[in-house]
Amino acid sequence: MTGPSRRALLQGAAGLAALSACSSGPEQGSPTTAYGVHQAGVTTAQQGFGNLVVLDLHHAPIVPVLEALGEEIERLVSGRAADVPEPGDLTVTVGVADPGLVLPTFARDTFGPEHCGGDLVLQVCGSDPVAVLAASDRLTRDHAVRWSQLGFSGAAGKDGFGRNLLGFHDGIVQPRGREELSAGVWGDDGSTVMVVRRIVLDVEGFNDLAVDQQEAVIGRRKSTGAPLSGGHLTSPLDLAAKTPAGAYLIPVDAHVRRAHPLATGRPLMLRRGYSFAGEQGSGLLFISFQRDLAEFIQTQYRLDAGDALNRYLRVTASGVFRVLPGFSASRGLGASMNADR
Ligand code: HEM
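Rules behind the numbers
- Residues numbered from 1 in each chain as written.
- Predicted model: local features only at pLDDT ≥ 70, side-chain atom pairs only at ≥ 80, totals over all residues.
- Heavy atoms only, no water.
- Helix = DSSP H or I, 4+ residues; strand = E, 2+ residues; numbered from the N terminus.
- Buried < 20%, exposed > 50% of the residue type's maximum accessible area, 1.4 Å probe, protein only.
- Contact = heavy atoms within 4.5 Å.
- Polar contact = N/O pair within 3.5 Å; in protein donor to acceptor, adjacent residues only side chain to side chain.
- Donors = N, O, S within 2.8 Å, 3.2 Å for Na, K, Ca; no water.
- Phe/Tyr/Trp six-rings, centres within 6.5 Å; stacked < 30°, edge-to-face > 60°.
- Lys NZ or Arg CZ within 6 Å of the ring centre and 35° of its normal.
- Core = buried A, V, L, I, M, F, W, Y, C linked by side-chain atoms within 4.5 Å.
- Salt bridge = Lys/Arg side-chain N within 4 Å of Asp/Glu carboxyl O.
- Axes fitted to C-alpha atoms, helices over the stretch in contact; angles between N-to-C directions.
- Parallel < 35°, antiparallel > 145°, perpendicular 65-115°, else oblique.
- Left-handed = near helix turned anticlockwise from the far one by under 90°.
- Nonpolar A, V, L, I, M, F, W, Y, C, P; charged D, E, K, R; others polar.
- Near = heavy atom within 4 Å.
- Expected span 1.5 Å × (residues − 1).
- Pairing = 2+ DSSP bridges.

### Thoughts on the overall build of the protein
Turning to step 1, where the next piece is worked out: Along the backbone of the protein there are 9 helices and 9 strands.
Turning to step 2, where the next piece is worked out: For the protein, the proportion of its 341 residues judged to be buried stands at 51%.
Turning to step 3, where the next piece is worked out: For the protein, the share of sequence-separated contacts (at least 6 apart) that also reach a separation of at least 24 residues comes to 78%.

Structure follows, in structure tokens:
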């Protein structure tokens, strides 16, 4: 890893270490395994910290790099690497650039070429930010970092959900169970498409709104997370519900209405983003996993065309990668890729 990138990571860690005590969740902390049909870190219960690192390989053949990464990842998560003696629930997810996966330019994109593209992405997550950073350092040491972002998730409240920097519950509506995950997330070969978007939020501007105005922007209650159409946190949205005067209870430009899969006719994507705060501003490192890139693109077009949240955000980095199928001791991480790449 280059000097400045490593320094930035460590500075971020110092600020965030204090938060690690807050990160808890039913399945957090348990050791993970690198091996399986799918890579870890997609449907794994979200850990407290996530570090996203995009690498440039400068035309080095990718398959040997992947093979070496896979072996190192297995050593790291099983606690056999000297750099990370106590990995806890560490997971590392690897994605590769794919010429068939291209994102168009969206309305709120404000980044230059250095904050998109790249050959490879590593998503390193865990409850212990020190382990996350040590593992990131170990894995990226021999490569050029294009951009990276460290993030943290809000501690789960009594209702089991964390909040983002706007103070709203996040990650309520997600694909769950085998059927929804195979419809919306996993490809037939066990891979998935990962979209990453570093979204800087105008948190102050949003907080200047009265709470009922904030709720109209999102489409949910700030206190309970319930949809504005009624019910409780996990009640389905009723997009048809109206006031006696005929206005939609969930406004036409509310984020949850614009993002709802009914509007795109596509299955639901899995969102697994992390908040961030620091030199890059404050916001959400949006990360989604979907079977088909069109799931993301069509949703983002719907947001571009009329999401009330657009007034409070801009995107400062972006990427799309194919998360390779899971691997094992006998079938390495690069096995699914063409050997001459
Ligand atoms: C900083 C930017 C964003 C913020 C603060 C944000 C926040 C939220 C919040 C608070 C919810 C409601 C709780 C939940 O179901 O998780 C939500 C739902 C959702 N968001 Fe976002 N979001 C952002 C960007 C995006 C982007 C870029 C996409 C995809 C293109 C997206 C897709 C969704 C989807 C699919 C839902 C579930 C909608 C439903 O109820 O069916 N969000 N988001």
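### Notes on the side chain of N51
Turning to step 1, where the next piece is worked out: In this fold, N51 is placed in strand β1 (residues 49-56).
Turning to step 2, where the next piece is worked out: For N51, a relative accessible area of 1% puts it in the buried group.
Turning to step 3, where the next piece is worked out: In terms of polar contacts, N51 uses its side chain to reach the side chain of S136, at 2.9 Å.

### Remarks on the coordination of the iron atom of the ligand
Turning to step 1, where the next piece is worked out: Donor atoms from the protein around the iron atom of the ligand number only one, H255 (NE2), found at 2.1 Å.
Turning to step 2, where the next piece is worked out: Along the chain, H255 turns up in helix α7 (residues 255-259).

### Let's talk about the packing of aromatic side chains
Turning to step 1, where the next piece is worked out: Scanning the model with the defined rule gives 6 aromatic pairs in all.
Turning to step 2, where the next piece is worked out: Their ring planes at 85 degrees and their centres at 5.8 Å tell us that Y35 and F327 sit as a pair that is edge-to-face. A residue pair is termed long-range when its members are at least 10 positions apart, and Y35 in the loop between α1 (3-17) and β1 and F327 in the segment after β9 (313-323) qualify at 292 residues.
Turning to step 3, where the next piece is worked out: With a centroid separation of 5.4 Å and 70 degrees between ring planes, the pair formed by F106 and Y301 is classed as edge-to-face. With F106 in the loop between β2 (91-96) and β3 (120-126) and Y301 in helix α9 (residues 293-304), this pair connects stretches of sequence that are 195 residues apart.
Turning to step 4, where the next piece is worked out: Taken together, the ring pairs in this structure connect F106, F286, F296 and Y301 into an aromatic cluster.
Turning to step 5, where the next piece is worked out: Just above the ring of Y248 sits the side chain of K242; from NZ or CZ to the centre is 4.9 Å.

### Observations regarding the nonpolar core
Turning to step 1, where the next piece is worked out: Counting residues in each nonpolar core, the largest one holds 34 residues, and the members touching the most others are I62, L66, I73, V94, L120 and L122.
Turning to step 2, where the next piece is worked out: For this core, the secondary-structure elements that each account for two or more residues are β1, α2 (62-77), β2, β3, α3 (129-140) and β4 (144-152).
Turning to step 3, where the next piece is worked out: Tallying contributions element by element places α2 first for this core, with 8 residues.
Turning to step 4, where the next piece is worked out: Listed in part, the 26 residues of the second largest apolar core include F106, V203, V217 and I218.

### What about the pattern of salt bridges?
Turning to step 1, where the next piece is worked out: Applying the stated criterion across every chain yields a total of 12 salt bridges.
Turning to step 2, where the next piece is worked out: In this structure, D98 and R322 form a salt bridge, with 3.2 Å as the shortest nitrogen-oxygen distance. With D98 in the loop between β2 and β3 and R322 in strand β9, this residue pair connects regions lying 224 residues apart in the sequence.
Turning to step 3, where the next piece is worked out: Between R291 and D188 there is a salt bridge, and its shortest N-O distance comes to 3.1 Å. Pair noted here: R291 is in the loop between β8 (281-290) and α9 and D188 is in the loop between α4 (177-184) and β5 (192-201), with a separation of 103 residues, a long-range link.

### Description of the packing of α2 against α3
Turning to step 1, where the next piece is worked out: Packing of α2 against α3 leaves a shortest axis separation of 10 Å and a crossing angle of 155 degrees. Classified by the angle their axes make, α2 and α3 are roughly antiparallel. Regarding α2 and α3, the two cross each other, and that crossing is right-handed. Judged by residue contacts, L69, E72, I73 and L76 of α2 engage A135, R138 and L139 from α3.
Turning to step 2, where the next piece is worked out: Looking at the contact of α2 with α3 residue by residue, the class counts come to 5 nonpolar, no polar and 2 charged.

### Comments concerning the site of the ligand
Turning to step 1, where the next piece is worked out: The ligand sits among 26 residues. The nearest are G171, I172, V173, H255 and R271.
Turning to step 2, where the next piece is worked out: Here V173 contributes a backbone N or O atom positioned 3.0 Å from an oxygen atom of the ligand.
Turning to step 3, where the next piece is worked out: In this structure, a nitrogen atom belonging to the ligand sits 2.9 Å away from a side-chain N or O atom of H255.
Turning to step 4, where the next piece is worked out: In terms of residue count, α9 provides more of the shell around the ligand than any other element does, 4 residues in total.
Turning to step 5, where the next piece is worked out: Grouping the constituent residues of the shell around the ligand by class yields 16 nonpolar, 7 polar and 3 charged.

### As for α9
Turning to step 1, where the next piece is worked out: Given a rise of 1.5 Å per residue, 12 residues ought to cover 16 Å, and the 17 Å separating the end C-alpha atoms of α9 matches this to within 8%.
Turning to step 2, where the next piece is worked out: Every buried residue of α9 is listed here: L293, A294, E295, F296, I297, T299, Q300 and L303.
Turning to step 3, where the next piece is worked out: Its buried side turned inward, α9 meets α4, β5, α7, α8 (261-264), β8 and β9.

### Side note on the pairing of β5
Turning to step 1, where the next piece is worked out: Among the 10 residues of β5, 10 are classified as buried, and the element is accordingly described as predominantly covered.
Turning to step 2, where the next piece is worked out: On β5, burial covers both faces: T192, M194, V196, R198 and V200 on one face and V193, V195, R197, I199 and L201 on the other are all buried.
Turning to step 3, where the next piece is worked out: When β5 meets β9, the two strands line up antiparallel, connected through 10 bridges. From the neighbouring strand, V200 faces β9, where its bridge partner is R314.
Turning to step 4, where the next piece is worked out: Pairing of β5 with β8, which is carried by 8 bridges, proceeds in the antiparallel orientation. Looking at the pairing, R198 lines up with L285 of β8.

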